[in-house]
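Notes for the structure review
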Amino acid sequence: IQKGCNMLKRLNESPRLEIFIAIVIAIVSATTAFAAWRASMVSSAAGDAIRQGLIDAVKQQAATSEDWRKLYEEAGYAQTYAVTLAQVEAFENSEDKTAQAQASNMRQYLLPSLQLVADPLTTDEKYLKSDGTYDLDLRFADLEEDEPDLAALDPQASFKLSDQYSSEQRWLTVGVVLLAISLFWLALSQLSMKRSRLVTLAIGVGIYLFGLIWFGLVELIFFSMRGGAL
């Protein structure tokens, strides 16, 4: 015991301890700076992800609104075509020669134009229901499928990624705080009396190692959750 006490006393009074403490403080300072930078980068990634999610959501909404506008425009033309066709058929079945002649002109010149602007509701039989109405839901689904790039957008995935980054940033901040606390104890060891220097140094190194492990585990867990993405 006496031997151990003497060794600790010599270690406390050794000038090499001062150098060792200074080196450890430099290492911890660099590690803390890196940890703070990494936490900042993760926070920035969370912001980028939520921004991308909002952009994708706006794109999807704009595309959906445009598809609905186009659908109702086609439906309006299709309705006009159906009404005109019914009128033409009524004129054709009339005994009035003038009405029949008018029907002939309408079928030759007007109906093709109306059918063209109402395409494909009036030209593709799959959109025509058995009761004579048009299947607008099917047409809308086809309009959505015509834009595969927009269909591939997934705003919710970006929002989920942003939540993961935000959660990681909060846990990393805990690690940064632990590293900062260890830096405080290490700095305190330089100012401490020789008898307590080793104790404060041990506390500082212990907290540093714990913070380092904490930081590494947080990074590893969220790295795995994101499927290998930083």
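Predicted model, so just to flag it, every value in this text is computed and none were measured. (Residues numbered from 1 in each chain as written. Predicted model: local features only at pLDDT ≥ 70, side-chain atom pairs only at ≥ 80, totals over all residues. Heavy atoms only, no water.)

As for the nonpolar core
- Core analysis: the biggest nonpolar cluster contains 21 residues, and Leu-172, Leu-186 and Leu-201 have the highest contact counts within it.
- Elements supplying a minimum of two residues to this core: α2 (15–92), α6 (155–191) and α7 (194–225).
- Considering each element in turn, this core owes the most residues, 10 residues, to α2.
- The residues contacting Leu-186, other than those within four sequence positions of it, are Ile-21, Val-24, Ile-25, Val-28, Leu-201, Gly-204 and Val-205.
- Within the second largest apolar cluster, 12 residues are counted, among which are Tyr-81, Met-106, Leu-111 and Ala-118. (Core = buried A, V, L, I, M, F, W, Y, C linked by side-chain atoms within 4.5 Å. Buried < 20%, exposed > 50% of the residue type's maximum accessible area, 1.4 Å probe, protein only. Helix = DSSP H or I, 4+ residues; strand = E, 2+ residues; numbered from the N terminus. Contact = heavy atoms within 4.5 Å.)

What about the confidence of the model for the protein?
- Predicted confidence across the protein gives a mean pLDDT of 85, with 92% of residues reaching 70 or more.
- Mean pLDDT in the protein bottoms out at helix α1 (residues 2–13), which sits at 49, and peaks at α6, which reaches 91. (pLDDT = per-residue confidence, 0-100.)

A closer look at the environment of Ala-152
- Positionally, Ala-152 belongs in the loop between α5 (148–151) and α6.
- Given a relative accessible area of 61%, Ala-152 falls into the exposed group.
- Each C-alpha atom, one on Ala-152 and one on Asp-56, is 9.8 Å from the other, the two residues being 96 residues apart in sequence.

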